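Listed below are the residues making up each chain.
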Amino acid sequence: LAHRLAQTCVHMYWRTVSDLAPEITRFTRNGLVDDKGSMHNILRPETIESLFLLWRTSKKQIYRNWGQRMLAAFYRTKTR
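What counts, and at which threshold
- Residues numbered from 1 in each chain as written.
- Predicted model: local features only at pLDDT ≥ 70, side-chain atom pairs only at ≥ 80, totals over all residues.
- Heavy atoms only, no water.
- Helix = DSSP H or I, 4+ residues; strand = E, 2+ residues; numbered from the N terminus.
- Expected span 1.5 Å × (residues − 1).
- Buried < 20%, exposed > 50% of the residue type's maximum accessible area, 1.4 Å probe, protein only.
- Arc of directions from axis to C-beta.
- Contact = heavy atoms within 4.5 Å.
- Axes fitted to C-alpha atoms, helices over the stretch in contact; angles between N-to-C directions.
- Parallel < 35°, antiparallel > 145°, perpendicular 65-115°, else oblique.
- Left-handed = near helix turned anticlockwise from the far one by under 90°.
- Nonpolar A, V, L, I, M, F, W, Y, C, P; charged D, E, K, R; others polar.
- Salt bridge = Lys/Arg side-chain N within 4 Å of Asp/Glu carboxyl O.
- Pairing = 2+ DSSP bridges.

When the terminal C-alpha atoms of helix H2 (residues 46–58) are compared, their 18 Å separation across 13 residues agrees well with the 18 Å that a helix rising 1.5 Å per residue should span. Every buried residue of H2 is listed here: Thr47, Ile48, Leu51, Leu54 and Trp55. The arc that holds every buried residue of H2, seen down its axis, measures 120 degrees, which confines them to one face. Opposite the buried face of H2, at more than 90 degrees from it, the exposed residues are Leu53 and Thr57. Residues of H2 that are buried in the fold lie against helix H1 (2–14) and helix H3 (61–76). Count one or two residues on from H2 and you reach Lys59, which has phi positive near 65 degrees.

For the rest of this paragraph, the subject is the packing of H2 against H3. Look at H2 against H3: their axes get within 9 Å of each other, and the N-to-C directions meet at 155 degrees. Looking at the two axes, H2 sits roughly antiparallel to H3. Considering the relative orientation of H2 and H3, their crossing is left-handed. Across the interface between the two elements, Thr47, Ile48, Leu51, Leu54, Trp55 and Ser58 from H2 touch Tyr63, Arg64, Trp66, Gly67, Met70, Leu71 and Phe74 from H3. Here the residues of the contact of H2 with H3 sort into 9 nonpolar, 3 polar and 1 charged.

We now examine the pattern of salt bridges. Applying the stated criterion across every chain yields a total of 3 salt bridges. In this structure, Asp34 engages Arg15 in a salt bridge whose closest nitrogen and oxygen atoms are separated by 2.9 Å. Here Arg15 lies in the loop between H1 and strand S1 (25–28) and Asp34 lies in strand S2 (residues 31–34), a separation of 19 residues in the sequence. The salt bridge partner of Arg69 is Asp19, with a shortest N-O separation of 3.2 Å. A residue pair is termed long-range when its members are at least 10 positions apart, and Arg69 in helix H3 and Asp19 in the loop between H1 and S1 qualify at 50 residues. Taking the relative accessible area as the measure of exposure, Arg69 reaches 36% and is therefore partly exposed. Residues joined in a network through salt bridges with shared partners are Asp19, Arg69 and Arg76.

Turning next to the pairing of S2. Of the strand pairs in this sheet, S1 and S2 are connected by 4 bridges, and their pairing is antiparallel. Following the sheet pairing, Thr25 is matched in S2 by Asp34. In textbook terms, the turn of a hairpin is the stretch between consecutive antiparallel strands, and for S1 and S2 this stretch comprises 2 residues.

This is the structure we're talking about:
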């Protein structure tokens, strides 16, 4: 269950060009729908923290790989 939930969170990030999840996404019968007025990301760390905890408890490399890709997207983001 934890792996599938983390996988859903990670895929919300990877659906965008920037690899950063939009602030608001809705789950519908037809899949995920992004709120067009909320396509920004305020650099929340919760998903990366969850991946770190999953890696610490399972030692599965996939969680480190996912976290590294997400961190790279944060580093590429320019702030004003």
